[in-house]
Amino acid sequence: MNIDFRNSIRVAVAGLALTALSASVLAQSKPWHDIGRDATPAEVKAWDIDVRPDFKGLPAGAGSVQLGEEVWMAKCSSCHGDFGESNEVFTPIIGGTTKKDIETGRVAALVEGAPSTAPQKTTMMKVATVSTLWDYINRAMPWNAPKSLKTDEVYGVVAYLLSLAEVVPGDYVLSDKNIAEVQKRMPNRNGMVFYEPMWKVNGKGDVQNVACMKDCPTEMKIRSSLPDFARDAHGNILEQNRVIGPVRGADTTKPAPKGPVGSAPAPKAVVVAAAAGGAADVKAKLASNACTACHGVTNKIVGPGFNEIAAKHKGKTDLVSYLAGKIKSGGSGVYGAVPMPPQPQVSDADAKAIAEWIAGGAK
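Residues numbered from 1 in each chain as written. Predicted model: local features only at pLDDT ≥ 70, side-chain atom pairs only at ≥ 80, totals over all residues. Heavy atoms only, no water.

Describe in detail the overall build of the chain, supporting the description with residues and values.
Regarding its fold elements, the chain presents 13 helices and 2 strands. When each of the 363 residues of the chain is scored for burial, the buried share is 31%. Long-range pairs, those at least 24 residues apart, make up 59% of the contacts in the chain with a sequence separation of at least 6. (Helix = DSSP H or I, 4+ residues; strand = E, 2+ residues; numbered from the N terminus. Buried < 20%, exposed > 50% of the residue type's maximum accessible area, 1.4 Å probe, protein only. Contact = heavy atoms within 4.5 Å.)

Listed below in structure tokens is the structure:
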């Protein structure tokens, strides 16, 4: 009995040692094992900027409609129009709501079976909470310089949009103190479906639903798709995913697949070497300064492609100085009605490097 017991202990200890060794080897085999660290409280706070529908997370501040109009004309109207009505770059923000909608809290044109529907759904028709406007503008706008607006400027821009939709008067000052009252006048505040289990951590999910599984459609209908000219506007998406994890971006250097989603072979991860300088450095500057949000290298997105700019101004005297100045100060009328907003955040050195690259043919 004693011998068997001692042998059992030896086997158990050996097994534990083997398990520990295997875990150690496995850990060492992962190239990301020793990479990174826990985020500091200050770093978490910097990222934790979302604003909830109950306005938790909303910073203190205030902005008038007048302030919002000034900011809008300088930084927003080039894409959205002076009154948020433009359909030139993005779909309109303002339009399609009525005073009756503000009273009822439900946009009549969106109600199923309504006798008349709006020709196009605008942002103000669909959004249910004013916090959504505030949060999105604060995090993502302007498109070329997200998170650059001051808190009071965000309040002002939201106030300006609400005044255009007649939710607030033209002399209104929106603040963290009165935004809850404004919520009570949102045209589609009663248009959002609330499914309680999805909002409660300890609630039950949607597991009781019975799938139909009858008369299932056999033909796929594509409702929307990315235009071919914009497919690789921001570079090859496949090269922009981490090699860790299951997500693999599409190879946007190739045409979009024609078959159903998942029918094509899964793309393999691509490890991109560090930029070697020259054109690669300039393209990094284009990306970091959000130039590729509006311009492709060989194709138009919002503004002309860089190749088109190079061809149009080929042989121009002092071309580098001219292009660098346009990058910094913006302009309109050269390539159509859509203006290019000023880009003061681009350093003089970056503007010159980009201008030299364009002048050299944008290759």
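So what's going on with the nonpolar core? Which residues, and what values?
Counting residues in each nonpolar core, the largest one holds 34 residues, and the members touching the most others are Met-124, Trp-134, Ile-137, Val-158, Leu-162 and Leu-174. Elements supplying a minimum of two residues to this core: α3 (65–75), α7 (130–140), α8 (151–164) and α9 (179–183). The dominant element in this core, judged by the number of residues it contributes, is α8, at 8 residues. Apart from residues lying up to four places away in sequence, Val-158 is in contact with Val-130, Leu-133, Trp-134, Ile-137 and Leu-174. Counting residues in each nonpolar core, the second largest holds 17 residues, with Val-346, Ala-355, Trp-357 and Ile-358 among its members. (Core = buried A, V, L, I, M, F, W, Y, C linked by side-chain atoms within 4.5 Å.)

Hey, could you go over helix α12 (residues 319–329) for me, with residue numbers and the actual values?
Among the residues making up α12, those that are buried are Leu-319, Leu-323, Ala-324 and Ile-327. Summarising the axial view, the buried residues of α12 lie within an arc of 125°, below the 170-degree limit, and thus occupy one face. One or two steps after α12, the chain reaches Gly-330, where phi turns positive at roughly 80°. (Arc of directions from axis to C-beta.)

Lay out unusual backbone geometry with the relevant residues and their values.
Omega for the bond connecting Met-141 with Pro-142 falls within 30 degrees of zero, at -10°, which places this linkage in the cis form. One non-glycine residue with positive phi stands out, namely Lys-147, at about 70°. Locating Lys-147 in the fold gives a position in the loop between α7 and α8.

I'd like a rundown of the environment of Leu-164, residues and numbers included.
Position of Leu-164 relative to the elements: it lies in helix α8. For Leu-164, a relative accessible area of 26% puts it in the partly exposed group. When the C-alpha positions of Leu-164 and Gly-95 are compared, they lie 8.7 Å apart, and in sequence the two are 69 residues distant. The contacts of Leu-164, once residues within four sequence positions are left out, are Phe-83, Gly-84 and Ile-94.

Give a detailed account of the pattern of salt bridges, specifying residues and quantitative values.
A full pass over the atoms with the stated rule returns 9 salt bridges. As a salt-bridge pair, Arg-37 and Glu-43 come within 2.7 Å of each other at their nearest N and O atoms. One salt bridge connects Lys-184 with Glu-181, and the closest N-O pair in it is separated by 3.3 Å. (Salt bridge = Lys/Arg side-chain N within 4 Å of Asp/Glu carboxyl O.)

Talk me through the state of the cysteines; I want residue IDs and the actual numbers.
Each disulfide consists of one covalent bond between the sulfur atoms belonging to two cysteines. Under the defined criterion, the tally for this structure stands at 0 disulfides. Here Cys-291 is not cross-linked by a disulfide; its sulfur's nearest cysteine counterpart is in Cys-294, at 8.9 Å. Note on Cys-294: no disulfide assigned, nearest cysteine sulfur contributed by Cys-79 at a separation of 5.4 Å. (Disulfide = S-S within 2.5 Å.)

Give a detailed account of the packing of aromatic side chains, specifying residues and quantitative values.
Applying the stated criterion to the full structure yields 4 aromatic pairs. Between the aromatic rings of Trp-72 and Tyr-160, the centroid separation amounts to 5.9 Å while the plane-to-plane angle is 50°, which identifies the pairing as tilted. Residue Trp-72 is found in helix α3, and its partner Tyr-160 is found in helix α8; the two are separated by 88 residues along the sequence. Tyr-160 shares its class with Trp-72; the two are buried. (Phe/Tyr/Trp six-rings, centres within 6.5 Å; stacked < 30°, edge-to-face > 60°.)

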